[in-house]
Structures are given as structure tokens and as C-alpha cells.
Amino acid sequence: MGCYRIRVATGAWLFSGSHNRVQLWLVGERGEAELELQLRTVRGEEEEFDRDIAEDLGLLQFVKLRKHHRLVDDAWFCDRITVQGPGACEEATFPCYCWVQGEDILSLPEGTARLPGDNALDVFQKHREKELKDRQQIYCWATWKEGLPLTIAADSRDDLPPNMRFHEEKRLDFEWTLKAGALETVLKRVYTFLSSWNCLDDFDQIFWGQKSTLAEKVHQCWQDDELFGYQFLNGANPMLLRRSASLPSRLVLPSGMEELRTQLERELQNGSLFEVDFILLDGIPTNVIQGEKQYLAAPLVMLKMEPSGKLLPMVIQIQPPNPSSPTPTLFLPSDPPLAWLLAKSWVRNSDFQLHQLQYHLLNTHLVAEVIAVATMRCLPGLHPIFKLLIPHIRYTMEINTRARTQLISDGGIFDKAANTGGGGHIQLIRRATAQLTYRSLCPPDDLAGRGLLGLPSALYAHDALRLWEIIARYVKGIVHLFYQGDDVVSGDPELQAWCREITEVGLCQAQDRGFPVSFQSQGQLCHFLTMCIFTCTAQHAAINQGQLDWYAWVPNAPGTMRMPPPTTKEDVTMATVMGSLPDVRQACLQMTITWHLGRRQPDMVPLGHHKEKYFSGPKPKAVLNQFRTDLENLEKEITARNEQLDLPYEYLKPSCIENSVTI
């Protein structure tokens, strides 16, 4: 009995408030009391009121709420409800962070994280079981394409659960900037309608509008071998480069190239020979755009690392050997300039395909969606791992649903502007899925396997490892608060179901590729959770943001090629180069979409700085604060380093990393 002070916080998003009346109950271990009030929620405000309650409720367990409407069901976004009991009682927090719709009663449990095995009060166990049963009806799996990871069952934004959709500001920004980009494309087409399109300088006619400082640098220096090599270390796609252990079997050196063989073997012995092999593209069917056949290659590039840290190309094989061409033409830096430039353009086109479809779409977006759906289906809101992960799945289901309906769909952007479009892109993702391993998603394993540890000029590698360490420390701090031993981990049925749901269901029996089907120790759990958060945050940032810088100048990263790969060097002319690169329509579309998808989002939440407070109590808060401090220290390190560089690497600065996959 006594006076209770209740505070109700409403979200700050557009339309978060509601004109409907909200009814509240307090539920304690010894009783329940309805609060007599006429609560009208207002966007971005916290309402506070006191109520005297005659009976002794005991320790508060739930707040129940119900929204009443007469004519219109006006949804309300409730952030949280806090209750200060009589006397010296600690304030109880009841997180919500979801839309309240309809007239059903919603029960919000007190925010202390609880494992399924340590519920002394049966009411919490019943609550979590009902919550999961309800969620599994709402969050259903679907097969978008055979051989790809499963997705959320939603054909459009409107099919998604309301809590997984963009908030209104995000939706408006996304759709209006897409329209603005389309208008810019039209203006560029009109501007170039009567202009020539015969030389590389003609691309300047469309190189205006939204572009970054680094994009301008790429525009000026894209033909330089040094910048070509740099991109494999620190560009939009730093995931393909590996140190050579031997000369690749596909690299057939014809007679007369003994000097090249000697150079390659010398670099190999010195440990300074590197390779990038696009063999995954071999045999992928190519697109037909407006009746014009497009072309695709599967190049191999051999590069050398100079003592200065520069990575320079030594030889390019555009296509692998085949019965009709057992000794493919090799292109060298000493070749006629246009022949060498065209060979590099074929490499950049191939890199564009694998970057966008394998390392961006599959390894970050689709993996993040599997994590998100499994989390909603298997972990109740009371579970500490749900509270840890939920900030890192914000907006992921909607951005992926939009990708499946606008980007990689029939008639989507890939069909209109990429040589893998028209179905080849799906085959490529299917091939990449079959090769997706657990180790490839964990930088310490991936970078060691590619021989990139300890390279001073490998900035992505350095920053990725530092972030992995910081995220791992954060994860360990949270896990050890709730799992005091390996037996607690192995004995958590909800956690084990979540693990199986990801590996066996979402990733389609990925245990053969190293993904776990159970957790038997704290260490196994921490490693997996670190992978989840790193993939949804840092890895996506590293792969997504570079589009803005490296793809705006289309010749540096052509999305399609319109002529077959050259088989001779002497016949390559400027007409050959321009006839191979995207035409003006394709180039404009590429510039528009890569700007739209690579730009910083106006409602961007930096890594670790989510405002939602899912955990209650001082200990989880202290772990999160230490995480933020570690990120701030890394930010300072990277900023100081970048001041000494001609090309700063900023994609993994913590302030540039979004807290989830949202674009």
C-alpha cells in the first residue's frame, strides 16, 4: 500500500503518440491494481503521475496496458514505463520499445534479464512461453530462392511486423531520396542527349551531383596501378585479397614469359606475392539489357607488395583456361596503355559483382536477417541475449525486403544495370552461399586464412581486428553476468534452440560449413555472439560505405561490360574501351543507386549508442559504458592515424559504423 509514481515514455518518431486512451495495471507478486487515469500519449514526451494504491502489491512483476479506441485504431509507440514504489523501493523499469495496436492487453515484464532456468516465479516462465508462441506465428520463415538463406515471410513492407518496419522519418527519407536520385538520372540523360560518348572524359558529363571527396580523388587517379592495388586492401571490397602460397594452377605462363615467372617466384619466396581470384564468376550466365547482350569474366590478378606497403599488379588473366583457349592472354603493366586499362576494368567489373552480391548482400544483409528472424522466434524479451542483440537488428528486415522487391528482383536494378542481372546474380549468390563458412565471418580466422595479418598497409584488416576485440570484450562482459559456467550455457534450452534455428533452418544446414548447432561453453557462445554483432555492424559498414567513394566514378567500377573480354592487346582502342564500359543510361543508374545506398543515413545510430534501455540494473549498464569508452578510444586512434595518410581509411571509425544493417 502507498503512493506509486508512474512515468510513461512515448517514442520520438513521427506518429508515435496516439489519440486513443491507454489503460494501465500494476501487477505485483501479491496483487494487481488498475490505475484510474485517462492517459493520452504524446510523441517524444514522458508523462508522470502519482497514484495511491490501497493494497500491498509486493515486488512489481508486470505492467499491463490496453489501448482503447472508438473510431480509429491510432497506434502508439511506447518506449518504456517506470514505476517508483512507496518508501525506499527501487524504481522498476518495464521496457517496451514497440507499437501498441488493437485492444488486446499487453503485458510488460520488469526489465531484469532472466534465463529460462532461473525463474523462481512461474509467471515469468508462462509469459516467455506465450511470447515465443505468439512471435513464431508473426515471424515466419520463407524461401525466396532455393539455395539461398531463408528470409522473413514478407512480399512487401506492409507484410512485415510493424516493429520491424522503418519509422516514418526513415521511410520518407528513403523514398524521397530515391525519387531525387531518379530525377538526377533523368537530368543527366537530358544533358548528355546530344553529346558524344566516345572517350573517357565524356564520363565527366555525368560526374556531378552528390559525390564525396574520395570519389573526386578516384576520378583523378583511377588509372594508376597503385590505386588499383590499394582497393583490394582498403577499398569497397577488401575481402578477396590473399597471400599466395604457390603460383595458382590456372595461371598458365606461355613460352616467352620466363622473366615474369622468375619475378613471380621471387615475390612468392619473399612472401610478398598476393592474388585475387574471381573464379566464382566462371560460367555465370550474363544479362541482356534492352536487347543488348552483356559480358562477364572470371579474372585472376597477381600482385606484389612493395616494402613501402604499396600493392601493385603484376599480371592479369581475364579468363581461366578452357578447352578452346588453353593458354589465355596475359595482360601486363608494360602492355599498350589502353589494353592494360581495359584488363583492369574487367577486374574492377568482376570485383563489383562479388562485392555487391557475395560480400555485401549475402555475407552481411542475408546473414543479419537470419540472425534477426531467429532472435525474434527463439529468444523472449526477458532473455539476456535478446536484450544484447535486439539493438543490432533494427530495420534489417525492411531494408532486405526492399532489396528483394527493388534491387535484385525481376526487373530490378541488377536487371537494368549489371551484367550478372537477369538471373545470373541469383546463381552467383547460390554459389557463394554454398561456400559461406563460419570462419569467413570471423576476422581473426578470415584474415589469418588469407595471410593478411600484420600488414601495415592493410587498414581494413587492422581496424576490423581491433573492433572484433572490443565487441568480444563487450559480449563477454554481458555473457558472464548471466552465465556463470559452461553448464549454464549448455543447459539453456532457448539459447540452444536459437543456435539451431540459425544454423539448421535459416542458413539451411550450415553445420557442414562450420556453423555450430549448439553451445557447450561460454567461449563458444561469446565467439558466436561477437560474429553476430560484428556482421550486423562493423562488417556491413566496411562493405557498404565504400560504394559512395569507389563506385561514383563509373569507369573505376563498371557495373556491366558490353563487349567480350579482349583476347589480343594490339587491337584495343578507345572505341573498344568505351564500347565495353557502361553506356550513359547504365552509368547514370549506377551512380544514383550507389549514392542512395552508400550515403550516411539521417537517423543513423552509431555502434553501441542506441538509446533503448533493454537491460535493468547497474551491471549491464557498466558493461555498455565500458564498450562505449573502448569505441571512443579506438576512434581517437584511427583519427590520429588517418591524419598521417594520403588516403584516410574511415569506414571502421566507430562513429561511422551503424548499429545495425539499415541500408
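Above this text you will find the structure in question.
What counts, and at which threshold
- Residues numbered from 1 in each chain as written.
- Predicted model: local features only at pLDDT ≥ 70, side-chain atom pairs only at ≥ 80, totals over all residues.
- Heavy atoms only, no water.
- Helix = DSSP H or I, 4+ residues; strand = E, 2+ residues; numbered from the N terminus.
- Buried < 20%, exposed > 50% of the residue type's maximum accessible area, 1.4 Å probe, protein only.
- Contact = heavy atoms within 4.5 Å.
- Lys, Arg positive; Asp, Glu negative; His and termini not counted.
- Charge placed at Lys NZ, Arg CZ, Asp CG, Glu CD.
- Salt bridge = Lys/Arg side-chain N within 4 Å of Asp/Glu carboxyl O.
- Pairing = 2+ DSSP bridges.
- Axes fitted to C-alpha atoms, helices over the stretch in contact; angles between N-to-C directions.
- Polar contact = N/O pair within 3.5 Å; in protein donor to acceptor, adjacent residues only side chain to side chain.
- Parallel < 35°, antiparallel > 145°, perpendicular 65-115°, else oblique.
- Left-handed = near helix turned anticlockwise from the far one by under 90°.
- Nonpolar A, V, L, I, M, F, W, Y, C, P; charged D, E, K, R; others polar.
- Disulfide = S-S within 2.5 Å.

Moving on: the overall build of the protein. What the protein contains, in helices and strands, is 19 helices and 17 strands. For the protein, the spread of C-alpha atoms along the three principal axes comes to 95 × 55 × 45 Å. Counting over 663 residues, the protein shows a buried share of 60%. Counted over contacts in the protein with a minimum sequence separation of 6, partners at least 24 positions apart contribute 75%. Both charge centroids of the protein, one from 66 positive and one from 81 negative side chains, sit 1 Å from each other.

As a further point, take unusual backbone geometry. Its identity is not glycine, yet Tyr395 carries a phi of approximately 70°, on the positive side. Position of Tyr395 among the secondary structure elements: in the loop between helix 7 (384-389) and helix 8 (396-407).

A complete count under the given rule lists 39 salt bridges for this structure. Residue Glu48 pairs with Arg5 through a salt bridge whose shortest N-O separation is 3.5 Å. Pair noted here: Glu48 is in strand 4 (residues 46-53) and Arg5 is in strand 1 (residues 2-10), with a separation of 43 residues, a long-range link. Its salt-bridge partner being Glu110, residue Arg114 comes within 3.5 Å of it at the nearest N-O pair. When salt bridges that share partners are traced, they join Arg5, Arg7, Glu46, Glu48, Asp50, Arg80 and Glu91 into one network.

A word on the sheet that holds strand 6 (residues 76-84). Sheet strands pair via backbone hydrogen bonds, and the direction of the pair is either parallel or antiparallel. Pairing is antiparallel across the open sheet formed by 4 strands, whose spatial order is 4-1-6-7. This sheet does not close on itself; its edge strands, each paired only once, are strand 4 and strand 7 (92-100). Each strand of the sheet is rotated relative to its neighbour by a mean of 20°, with strand direction disregarded. The sheet contact formed by strand 6 and strand 7 spans 7 bridges and is antiparallel. Counterpart to Trp76 in the pairing with strand 7 is Val100.

Positionally, Gln601 belongs in the loop between helix 18 (584-598) and helix 19 (618-642). Classification of Gln601 as buried rests on a relative accessible area of 3%. A polar contact of 3.0 Å, which involves the side chain of Gln601, links it to the side chain of Lys170. Not counting residues up to four positions away in its chain, the partners in contact with Gln601 are Lys170, Asp173, His596, Glu658, Thr662 and Ile663.

Turning to the pairing of strand 1, a few remarks are in order. Here strand 1 runs beside strand 4; their pairing, made up of 8 bridges, is antiparallel. Looking at the pairing, Val8 lines up with Glu47 of strand 4. Where strand 1 and strand 6 come together, 6 bridges link them in antiparallel fashion. Within strand 6, the position partnered with Thr10 by the bridge is Cys78.

Okay, the packing of helix 14 (residues 493-506) against helix 15 (residues 522-544) next. Relative to each other, helix 14 and helix 15 sit at 50°, their axes nearing to 13 Å. When the interaxial angle is binned, helix 14 and helix 15 end up oblique. As for the relative orientation of helix 14 and helix 15, their crossing is left-handed in sense. Residues Leu495, Trp498 and Ile502 of helix 14 form the contact with helix 15, whose participating residues are Leu525, Phe528, Leu529 and Cys532. Taken together, the residues of the contact of helix 14 with helix 15 sort by class into 7 nonpolar, no polar and no charged.

To continue, consider the sheet that holds strand 15 (residues 300-305). Pairing is antiparallel across the open sheet formed by 5 strands, whose spatial order is 11-12-15-16-17. Both edges of this open sheet fall to strand 11 (242-243) and strand 17 (330-331), since each of them pairs with a single strand only. Relative to strand 16 (residues 311-317), strand 15 runs antiparallel, the two being bridged by 6 bridges. In the strand pairing of strand 16, Leu300 is matched with Gln317. Across the sheet, helix 4 (residues 225-234) is in contact with strand 12 (273-277), strand 15 and strand 16; its angle to strand 16 comes to roughly 95°. Each of strand 12, strand 15 and strand 16 touches helix 5 (residues 258-270); the most contacted strand, strand 16, lies at about 135° to it.

This part takes up the state of the cysteines. Evaluation of the coordinates by the stated rule reveals 0 disulfides. With no disulfide of its own, Cys78 lies closest to Cys96 among cysteine sulfurs, the gap being 4.0 Å. Sulfur of Cys98: no disulfide; nearest cysteine sulfur belongs to Cys96 and is 3.3 Å away. By relative accessible area, which is 16% here, Cys98 ends up buried.

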